[in-house]
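Spelled out from the first residue to the last, the chains are:
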4 protein chains.
Amino acid sequence: MELLDQTVDDSVFTQHESEVRSYCRSWPTVFTRASGSWMTDTTGREYLDFFAGAGSLNYGHNNPIMKAALLDYISDDGITHGLDMATVAKGKFIEAFTQKILAPRGLDYKIQFPGPTGTNAVEAALKLARKVTGRESIISFTNAFHGMTLGSLSVTGNSMKRAGAGIPLVHATPMPFDNYFGGVTEDFGWFERVLDDSGSGLNRPAAVIVETVQGEGGVNVARMEWLRALSELCERRDILLIVDDVQMGCGRTGEFFSFEEAGIKPDIVTLSKSISGYGLPLALTLFKPELDVWTPGEHNGTFRGNNPAFVTGTKTIEHFWSDDSLTKEVHAKGEQINTAFTELAERYEGISTRGRGMVRGLVFEESATASKVCASAFGAGLLAETSGPSDEVVKLLPALTISTEDLGRGLQIISDSVKEVIG
Amino acid sequence: MELLDQTVDDSVFTQHESEVRSYCRSWPTVFTRASGSWMTDTTGREYLDFFAGAGSLNYGHNNPIMKAALLDYISDDGITHGLDMATVAKGKFIEAFTQKILAPRGLDYKIQFPGPTGTNAVEAALKLARKVTGRESIISFTNAFHGMTLGSLSVTGNSMKRAGAGIPLVHATPMPFDNYFGGVTEDFGWFERVLDDSGSGLNRPAAVIVETVQGEGGVNVARMEWLRALSELCERRDILLIVDDVQMGCGRTGEFFSFEEAGIKPDIVTLSKSISGYGLPLALTLFKPELDVWTPGEHNGTFRGNNPAFVTGTKTIEHFWSDDSLTKEVHAKGEQINTAFTELAERYEGISTRGRGMVRGLVFEESATASKVCASAFGAGLLAETSGPSDEVVKLLPALTISTEDLGRGLQIISDSVKEVIG
Amino acid sequence: MELLDQTVDDSVFTQHESEVRSYCRSWPTVFTRASGSWMTDTTGREYLDFFAGAGSLNYGHNNPIMKAALLDYISDDGITHGLDMATVAKGKFIEAFTQKILAPRGLDYKIQFPGPTGTNAVEAALKLARKVTGRESIISFTNAFHGMTLGSLSVTGNSMKRAGAGIPLVHATPMPFDNYFGGVTEDFGWFERVLDDSGSGLNRPAAVIVETVQGEGGVNVARMEWLRALSELCERRDILLIVDDVQMGCGRTGEFFSFEEAGIKPDIVTLSKSISGYGLPLALTLFKPELDVWTPGEHNGTFRGNNPAFVTGTKTIEHFWSDDSLTKEVHAKGEQINTAFTELAERYEGISTRGRGMVRGLVFEESATASKVCASAFGAGLLAETSGPSDEVVKLLPALTISTEDLGRGLQIISDSVKEVIG
Amino acid sequence: MELLDQTVDDSVFTQHESEVRSYCRSWPTVFTRASGSWMTDTTGREYLDFFAGAGSLNYGHNNPIMKAALLDYISDDGITHGLDMATVAKGKFIEAFTQKILAPRGLDYKIQFPGPTGTNAVEAALKLARKVTGRESIISFTNAFHGMTLGSLSVTGNSMKRAGAGIPLVHATPMPFDNYFGGVTEDFGWFERVLDDSGSGLNRPAAVIVETVQGEGGVNVARMEWLRALSELCERRDILLIVDDVQMGCGRTGEFFSFEEAGIKPDIVTLSKSISGYGLPLALTLFKPELDVWTPGEHNGTFRGNNPAFVTGTKTIEHFWSDDSLTKEVHAKGEQINTAFTELAERYEGISTRGRGMVRGLVFEESATASKVCASAFGAGLLAETSGPSDEVVKLLPALTISTEDLGRGLQIISDSVKEVIG
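Residue positions are given per chain, counting from 1 as you read along its sequence in written order. Key to labels: chains lettered from A, ligands numbered from 1, both in the order written. With the structure being a predicted model, the display of local features is reserved for residues of pLDDT at least 70 and the display and counting of side-chain atom pairs for 80 or more, all residues being used for whole-chain, interface and lining totals. Side-chain descriptors were evaluated using all non-hydrogen atoms of the structure, hydrogens and water having been removed beforehand.

Chemist: Describe the relation of the copies chain A and chain B, with residues and values.
Modeler: Two copies of a chain can be linked by a rotation about an axis combined with a shift along that same axis. Least-squares fitting of chain A to chain B yields an RMSD of 0.0 Å, with the superposition described by an axial translation of 0.0 Å and a rotation of 180°. As the rotation angle and translation indicate, the two copies are arranged about a two-fold axis. Residue Leu150 of chain A of chain A places its C-alpha closer to the rotation axis than any other residue of that unit, at 2.7 Å. Both copies present the same face, since 100% of the interface residues in chain A are matched by interface residues at the equivalent positions in chain B. What sets the superposition is a least-squares fit of C-alpha atoms, and only residues with pLDDT of at least 70 in both copies go into it. Pairs of residues are marked as contacts when any of their non-hydrogen atoms sit within 4.5 Å.

Structure representation (structure tokens):
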């Protein structure tokens, strides 16, 4: 029998895998195949995926365009594992990325492949910022999420995840993200005040690291003027600005980079998740050429040259980023979600909505409700997850390529689930 | 024209990629295809690969057995990206790993997928050790290499790589690796003395992290009795023992785990590199069940469920680890290398050799010589790299599956290169 | 010739003493004798001392009451150096302190003698707070000053002084002191928000350390309601409250402890400077009995039992703190200063005043002016110093026992100096 | 009734003073007067003091020479508290110290008064070493004791005292003190090896801090050749050498500085304890002029100018250090102790002795014995204390000025106590 038609007993996971596992607890079934926005479990049941690999599957599962290229590459014995050797697959990716992504946006970045995950990209960004400036301290924001390795974890807000470090996480100071006080306080009032004040006790920062939309933090959206003001503040004070675009990049908010709309040019940018376009591990750290002070080999990583990911990533760029049609689609579908969520927010008390492009949150005053809505949606065949410090937000990250019909279907399931839970 | 038959200009890499790149400087050509122990560049020239992705390609490039399974899986729309959802591909991997690898060796480990790289596995191991013990300090060894993210880097010896952190790396204290003093000093004399002495100033350690053979550190081989003594020391003093088997596991030294020969059972084990068997990113952190104190989601990672890697990894286990034939092969080929290297050591002054299984080093008193030998070998079509604190060691990590003819051919190239350089 | 009638050449100091010296640069003369509020230099010139040893001489120089007791004690071969042995001098001090200071105020504190300086007292307080709570992080306030040893320095705001550490100062996070935003922002808005938010990234604090009036920080006065709110916040959230009363205690603000007026009872209190009443080194760390978790000898210090200081300290308590007459005097003289300063603030633009009791600041918008005023005053025979992050405040700390005539004389000198500098 | 003839109830201390108190537990009585080597309690009982304020009373209690000068100074209203203002008392001290102590020894040090305790002096030394070198890490030695504030504590060995920090103590790495392995291991073998090895994982140190004899650590005596080798090692490798002479300076080992005999010139030296000669708090940090990179006020301290201590300290220098008679006396009396201790070591099994000058230890294999001997001696009217990681050493620090009769009397008490306890 074919592998994908076999079954696996639940006990395989519960007995042998660590208690650290999480998503499989929310979605208690065994999945086997997937295509586009749909996943199938071993009983043949289909699920509409509104989580998209936490933003790693912006083009859906197993998109046929990349799939064909990937099969060709593997069949033809293209190099799979290449450390940081020069390869055709890597060269073509760099060409596509510089010509189709960077150049048209007026971005002149050097590219580092720091290891194939978001946290590798963030660690490289922090190391570089500290090396360039000779300072140790980093400014992060409330409810930020940047990764699980020690450097990234120290700039991450979630207290449960921080506790996992087992050592005090230092060298980072949180500042209020946009709208942290509900708009009643001046933006950067506290941040600028302590920077100005030589007696404030704040260690002078090497860099600020920011997400334009905090996905894990609860779909908190920074306004464009806030991002611009942050960028200007950093420039004025000789602090490097790192935009962590691991989850919000690759079109999630509409444009390729989530910061484009604000018209800013960060000093350092991290990308991962959807950059391979197929769910294959890959990550990039981008930075202005004058910051490229690395010594050869000073940061490395066994899987930094994941060549199959270069192949699918290149296809993604060629296919989706040669014009602005995907961007337009994202804005339209984002509006479709927004409309549905706004209706819910108007219909029920204790619900609000926020988001940008195709990352949208349905926020519940009563935080337990969000999990119940997701559980109900799972029962109806929809995969959605919560986020936020108290898991109070139903977070939607559908594939950008989802059909409007499927999108509508999923939104209806959510609407029904809300009704079931709080109606 | 097919992707793999295209050319890429050198300037793509030199202009756009960060100065941090390293291997592509030693091997200045553009590779395109690879199979078994051979890589081909865009000019059609073939290279015999004695580096095997720094130990990530123990079964050679694009091994046809795993390749077939991988193509099937992708063609059939098997799940590519699965976070930590339960999937058939993952379930089958866990089954194979527990039944064919762990059970026969009497190892009862829980499995964590901490993110798909070695450094993720090490970070998870360190976090867990600290959480379990409530202590912060880790003992590492001179010339250790464990990774580039902040936690792993703090237990890594190389001063150039440490400097890249940009912050003081603390919470770790180095101890002398086996034979650090050329055998004249009692094993663990210093380590035990400072543990015994409540006035020594050593913070009580949560764990010891050790490689059985230090690959990056210069092919330093720990004796079995040293490893046993270390294990006993840790047990006696309630310190957790972490064996980082990222490079030396998966058969590199003969047995699946490099610590088997010593008869020890570490508390925590890390695996990555060759665990997928195909060069696809995957990593495991294994630990005794009583250490599984993780809270759900306390450590996570977007690509921790790299399903194609599960598929090839499962095939690897089924094909190579159902009997001891590969282990025997590794010992035999290891001896073949050893014989060749011993001859060189006897023929020339200032050369010695060390190693275990199929990780072998040719050590040059004059450290610059090692790089010259590798450069000469590259000219003759062989890929080999140096290691050690002064890059004084030519380190051999051929595919375990290399034919004895190819192995002999490569050893001849090295012999010729040594002659050319110092002859 | 008598010692005190001899001269010393300036070069003794400039050639042999470190560049770190500071006050002797502002007041470039060689002092020899002192009495009450007056210091005399080797030329016989007299200076009115409005700095009082940075608050160490609340009862003036060489107060005859303590002087007599001190001379008796020394003449009679009372123990000078007693480590932490039980001595009559220490016992009498403890009796006086508990009966006349603590008991009437309803304070039930255990007393620790942690070493004879303020920074010793602060270090002990921080260590104890961390030990009791098992947490590492401390909340300090903008423009705080707590001392120069590493623990105290990490909770001190001044960036120049922090830079002297030579290592990154971590484990402390600054919060805005009262009125940091000119009253436009809600008290503790930021602090409570990040404590409430489990995703804020703030490490949960062991303790808050606060001065009721920040002397070094620029005579920043916390309002009573702010102190009460802080105390309630700490109690509500199980965070220890440390009041550093090293400079503001011993009657500087009127009552013995500066926090009495607010009606709060801190968990830990530090005292030093004027506690011996004679300028002799002595320090106390006070804490609630349930916090006394020290192991014998866990914190020690060679000079923690400075017995001559106990003798003068006891006299101080008996003489000055048996009724409320000194408190009343302080309030009256404080008002005298305030009146004079308010007049200046009204007469000149760019000047304001703030303070409490007998710590008062004259604040100059143009920061360089403050130093010029002090220099001019020195020329006229008055010792006063600046404070604040930009040295923009003329800080007055006269002896509490100064006569109203001398106080008036000094205020006139300041008034004249202001006129000279900015008039 | 005179203060010194009054009694104090035990409960004053047990009820009101913190549990942290220590010496008063070993010597459970209330002391009142002291003179020379004798202390008297409130019952009139006299005790022979062989501890001398842990080395703070090298010239005995209340030495009449300094006493007279002190009484004169106080009577004459000499300045008591002077911050770091230039005063006659301070100037005369600097003159005496540079002319009589530094110049004759060929030492050209700048003098810093960093606050009046040993730990202040050490903190200033560490800060300066880090500032000068731009490095963070410090090398300390096993069983070192340098103080209780966070910087000093991080280079202190005792695990109980370290635990009091409540935070992980980092930035310091212990190395084996002389004879740590009983002479079987090459001096500095481990230290030099890890410095040589760029892959060792040791952070490059700013400085080494060392005591020539570790008093608290158990009277561990460094050989002169070991100290010279350490000094050469530091010079060769551009690491600053700090000698902490807080306890062993001021003649304790014979010469004024304990490092003189080795013929070395440390980069930085700390002094405190006996520098005032009368038990008054005072401390000095000395350093080579080229290291004087302090910014004015970058390190300060309220009691750094303890003028009465300058007065007695100056007298000490004039009286005791104008010729080598005290040095000779110390050597002779040291020999007297050594003879007595050697006899005990020869008479009883499980006893050995070590020491230098007038710091001598009687070392018991059975560690509990040492405390019993001290308790027995206290019963017989002698004050002596234990030291060492297990309190296994009876440590003798008599006044350097003790008469040979008193010395003999005390040694007899110890001999009797040993006999009583183990005989």
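Chemist: Tell me about the domain arrangement of chain A, and please be specific about residues and values.
Modeler: One widely used convention gives an interface's size as the accessible area the parts lose upon coming together. All names here are of chain A. Domain boundaries in chain A define domain 1 (3-63 + 324-422) and domain 2 (78-320). All the domain ranges listed were derived from an automatic or database domain assignment. Computed from C-alpha atoms alone, the centre-to-centre distance between domain 1 and domain 2 is 25 Å. Counting residues at the interface gives 30 residues for domain 1 and 29 residues for domain 2. Note on definitions: buried area is the accessible-area loss of two parts on being combined, 1.4 Å probe, summed for both. Carbon and sulfur atoms make up 50% of the area that domain 1 and domain 2 hide from each other, which totals about 2500 Å². Salt bridges are defined as contacts in which a side-chain nitrogen from Lys or Arg sits within 4 Å of a carboxyl oxygen from Asp or Glu. A salt bridge links Arg356 to Glu261; its shortest N-O distance comes to 3.2 Å. Contacts described as polar in this section are N or O atom pairs within 3.5 Å, which, within protein, must combine one atom able to donate a hydrogen with one able to accept it, while residues neighboring in sequence count only if both atoms come from side chains. The interface formed by domain 1 and domain 2 contains 23 residue pairs in polar contact (both at pLDDT 80 or more).

Chemist: Quick one: what's the story with the pairing of strand S7 (residues 205-210) of chain D, residue by residue and with numbers?
Modeler: Residues and elements named next belong to chain D. Burial here depends on accessible area, computed with a 1.4 Å probe over protein chains only, as a share of the maximum for the residue type. Under 20% is buried, over 50% is exposed, and the range in between is partly exposed. Each helix is a run of H or I in the DSSP string that is no shorter than four residues. Each strand is a run of E no shorter than two, and both are numbered from the N terminus. For S7, the tally of buried residues reaches six of six residues, placing the bulk of the element in the interior. Strand pairing is assigned whenever DSSP detects at least two bridges linking the two strands. The sheet contact formed by strand S5 (residues 137-141) and S7 spans three bridges and is parallel. Counted as the bridge partner of Ser137 is Pro205 from S7. Where S7 lies against strand S10 (residues 240-244), four bridges are found, and the strand directions are parallel. The residue of S10 that forms the bridge with Val208 is Leu241.

Chemist: Quick one: what's the story with the interface of chain C and chain D, residue by residue and with numbers?
Modeler: Every contact between the two is made by 110 residues of chain C and, on the other side, 110 residues of chain D. Between chain C and chain D, roughly 9800 Å² of surface is buried when both sides are summed, and carbon and sulfur atoms account for 63% of that area. Remark: the boundary between chain C and chain D carries eight salt bridges. When the shortest N-O distance is used, the salt bridge between Lys67 of chain D and Asp77 of chain C registers 2.8 Å. Here chain C and chain D share 52 residue pairs in polar contact (both at pLDDT 80 or more) between them. In terms of residue count, helix H5 (residues 88-102) of chain C provides more of the side of chain C that touches chain D than any other element does, seven residues in total. Taken together, the residues of the side of chain C that touches chain D break down into 49 nonpolar, 38 polar and 23 charged. Nonpolar residues are Ala, Val, Leu, Ile, Met, Phe, Trp, Tyr, Cys and Pro. Charged residues are Asp, Glu, Lys and Arg, and all others, Gly as well, are polar.

Chemist: Lay out the side chain of Asp197 of chain D in plain terms, naming residues and giving numbers.
Modeler: By secondary structure assignment, the location of Asp197 of chain D is in the loop between helix H9 (189-196) and S7. Here Asp197 of chain D falls in the buried class, since its relative accessible area comes to 7%. A distance of 2.5 Å separates a polar atom in the side chain of Asp197 of chain D from a polar atom in the side chain of Tyr180 of chain B. Within the structure, Asp197 of chain D has its side chain in polar contact with the backbone nitrogen of Gly199 of chain D (distance 2.8 Å). The contact partners of Asp197 of chain D, leaving out residues within four places of it in the chain, are Asn143, Tyr180 and Pro389 of chain B.

Chemist: Give me the lowdown on helix H11 (residues 307-320) of chain A, citing residues and values where you can.
Modeler: All names here are of chain A. With 14 residues, H11 should cover 20 Å at 1.5 Å per step; its first-to-last C-alpha distance of 20 Å lies within 8% of that length. Where burial is concerned, most of H11 is hidden: 11 out of the 14 residues are buried. When we look at burial in H11, the residues that qualify are Asn307, Pro308, Ala309, Phe310, Val311, Thr312, Gly313, Thr314, Thr316, Ile317 and Phe320. For H11, the elements touching its buried residues are helix H4 (64-75), helix H5 (88-102) and helix H12 (325-347). Here the expected span of a helix is defined as 1.5 Å times the quantity of residues minus one.

Chemist: Kindly report on the sheet that holds strand S1 (residues 31-35) of chain B, identifying the contributing residues and their values.
Modeler: Residue and element names in this part refer to chain B. Across the sheet, which stays open at both edges, the four strands sit in the order S1-S2-S3-S15 with mixed pairing between neighbours. Edge positions in the sheet fall to S1 and strand S15 (382-383), since each of these pairs with one other strand and no more. Across four bridges, the pairing between S1 and strand S2 (residues 38-41) is antiparallel. Bridge pairing links Ala34 to Met39 in S2.

Chemist: Lay out the interface of chain A and chain B with the relevant residues and their values.
Modeler: Taken together, the contact pairs 110 residues of chain A with 110 residues of chain B. Here chain A meets chain B over a buried area of about 9800 Å², counting both sides, of which 64% is carbon and sulfur. Per-residue buried area on chain A facing chain B is highest for Val20, Val88 and Phe303 of chain A; these three make up 7% of the total on that side. The tally of links from chain A across to chain B stands at eight salt bridges. For the pair chain A and chain B, the interface holds 52 residue pairs in polar contact (both at pLDDT 80 or more). Top element by residues in the side of chain A that touches chain B is H5 of chain A. It accounts for seven residues. The residue inventory of the side of chain A that touches chain B, partitioned by class, reads 49 nonpolar, 38 polar and 23 charged.

Chemist: How would you sum up the sheet that holds strand S2 (residues 38-41) of chain D? Please name residues and give values.
Modeler: Read across the open sheet, the four strands follow the order S1-S2-S3-S15 (chain D); overall the sheet is mixed. Both outer strands of the open sheet, strand S1 (31-35) and strand S15 (382-383) of chain D, are each paired with one neighbouring strand and no more.

Chemist: Kindly report on empty space enclosed by the protein, identifying the contributing residues and their values.
Modeler: Think of a 1 Å grid over just the protein atoms. A cavity is a set of points where a 1.4 Å probe fits yet cannot get out, a pocket is an open set with protein on both sides within 12 Å along at least five of seven lines, and lining residues have an atom within 4 Å of a point. Grid points are joined across faces, edges and corners, and a volume is the space filled by probe spheres set on the points. One pass over the full model with this rule turns up 15 cavities of 30 Å³ or more. There is about 570 Å³ of room inside the largest cavity. Val170 of chain A, Val170 and His171 of chain B, Val170 of chain C together with Val170 of chain D are, among the 36 residues lining the largest cavity, the residues nearest its centre. For the lining of the largest cavity, the elements supplying multiple residues, two or more each, are helix H7 (150-154) of chain A, helix H7 (150-154) of chain B, helix H7 (150-154) of chain C together with helix H7 (150-154) of chain D. The residue inventory of the lining of the largest cavity, partitioned by class, reads 20 nonpolar, 12 polar and four charged.

Chemist: How would you summarise the nonpolar core if you had to cite specific residues and measurements?
Modeler: In globular proteins that are soluble, nonpolar side chains generally tend to be buried together. Here the nonpolar core consists of buried residues drawn from Ala, Val, Leu, Ile, Met, Phe, Trp, Tyr and Cys, with membership extended through side-chain atoms lying within 4.5 Å. If you look at the biggest cluster of nonpolar residues, it comprises 461 residues, and the most contacted ones within it are Phe97 of chain A, Phe97 of chain B, Phe97 of chain C together with Phe97 of chain D. The residues contacting Phe97 of chain B, other than those within four sequence positions of it, are Leu102, Ile111, Phe256, Phe257, Leu271, Ile275, Leu284, Leu286 and Ile317 of chain B.

Chemist: Account for the side chain of Lys395 of chain A, with residues named and values stated.
Modeler: Residue and element names in this part refer to chain A. If you trace the backbone, Lys395 turns up in strand S17 (residues 393-396). Judged by its relative accessible area of 1%, Lys395 is buried. Within the local environment of Lys395, its side chain forms a polar contact with the side chain of Glu216, the two groups lying 2.9 Å apart. Setting aside residues up to four positions removed in sequence, Lys395 forms contacts with Phe50, Phe51, Gly215, Glu216, Val219, Gln247, Arg360, Glu385, Thr386 and Ser387.

Chemist: Give me the pattern of salt bridges: which residues, what numbers.
Modeler: Residue and element names in this part refer to chain D. According to the stated counting rule, one finds 108 salt bridges over all chains in the structure shown. With a shortest N-O distance of 3.2 Å, Arg25 and Glu19 are connected by a salt bridge. Assessed through its relative accessible area of 29%, Glu19 is described here as partly exposed.

Chemist: I'd like to hear about the packing of helix H9 (residues 189-196) of chain B against helix H10 (residues 224-236) of chain B, residue by residue, with values.
Modeler: Residues and elements named next belong to chain B. Close contact between H9 and H10 brings their axes to 12 Å; oriented N to C, the two are set at 5°. For the element pair H9 / H10, the angle class is roughly parallel. Residues Phe191, Glu192 and Leu195 of H9 form the contact with H10, whose participating residues are Leu230, Leu233 and Arg236. Angles here are taken between N-to-C directions and fall from 0 to 180 degrees, while the axes themselves are lines fitted to C-alpha atoms, restricted in helices to the stretch in contact. Should an angle lie under 35 degrees it is considered roughly parallel, over 145 roughly antiparallel, and from 65 to 115 roughly perpendicular; all remaining angles are considered oblique.

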